[in-house]
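Per-entry structural report
Here is how the chains run, residue by residue.
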Amino acid sequence: MNRGKLYSPGEEHSAVGIDYRFYSDAATGWRGEFVLREYRRFSDGDGYVIELEDGRRGKCSIRRRVNKAVSGTPPLYGYYFRGSGKLQ
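Residues numbered from 1 in each chain as written. Predicted model: local features only at pLDDT ≥ 70, side-chain atom pairs only at ≥ 80, totals over all residues. Heavy atoms only, no water.

Focus: the overall build of the protein chain
Within the protein chain, the regular secondary structure consists of 0 helices and 6 strands. Beginning at the N terminus, the succession of helices and strands in the protein chain can be written as β-β-β-β-β-β. Over its C-alpha trace the protein chain gives a radius of gyration of 12 Å, about what one expects of a compact globule, namely 12 Å for 88 residues. Dimensions of the protein chain, computed from C-alpha atoms along their principal axes, come out at roughly 40 × 25 × 25 Å. Expressed as a percentage of the 88 residues in the protein chain, the buried residues total 35%. (Helix = DSSP H or I, 4+ residues; strand = E, 2+ residues; numbered from the N terminus. Rg over C-alpha atoms; globule rule 2.2 N^0.38 Å. Buried < 20%, exposed > 50% of the residue type's maximum accessible area, 1.4 Å probe, protein only.)

Quick look at the pattern of salt bridges
Counted according to the given criterion, the structure contains 6 salt bridges. Put simply, Glu33 and Arg65 hold a salt bridge, and the shortest N to O gap is 2.6 Å. Placement of Glu33 in strand 3 (residues 29–36) and of Arg65 in strand 5 (residues 57–70) is noted, with a sequence separation of 32 residues between them. This pair shows no difference in class: Glu33 is buried, exactly as Arg65 is. Close ionic contact of Asp54 with Arg56 constitutes a salt bridge, the shortest N to O distance being 2.9 Å. (Salt bridge = Lys/Arg side-chain N within 4 Å of Asp/Glu carboxyl O.)

Focus: the environment of Pro74
Along the chain, Pro74 falls in the loop between strand 5 and strand 6 (76–84). Once the C-alpha coordinates of Pro74 and Ser8 are considered, the two residues, 66 residues apart in sequence, prove to be 20 Å apart.

Structure, rendered in structure tokens:
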């Protein structure tokens, strides 16, 4: 898995670390999954910005994976992400 960052909508200065995996990276859209590296609550929805290990960024929507959590207290949930357009 690769390391990156996830920014909440409207909070470009505050990011949380993620471990992510791409499933598809095309010019018209991209998608994958990630696990948070620290506990934070995120709501499903649009407007998030993901920053990849190589510095590219893109707006995406996220959706929590049901029943997919990394063991720990508190649990670290897995999420799907999906974006459109080109990563910059």
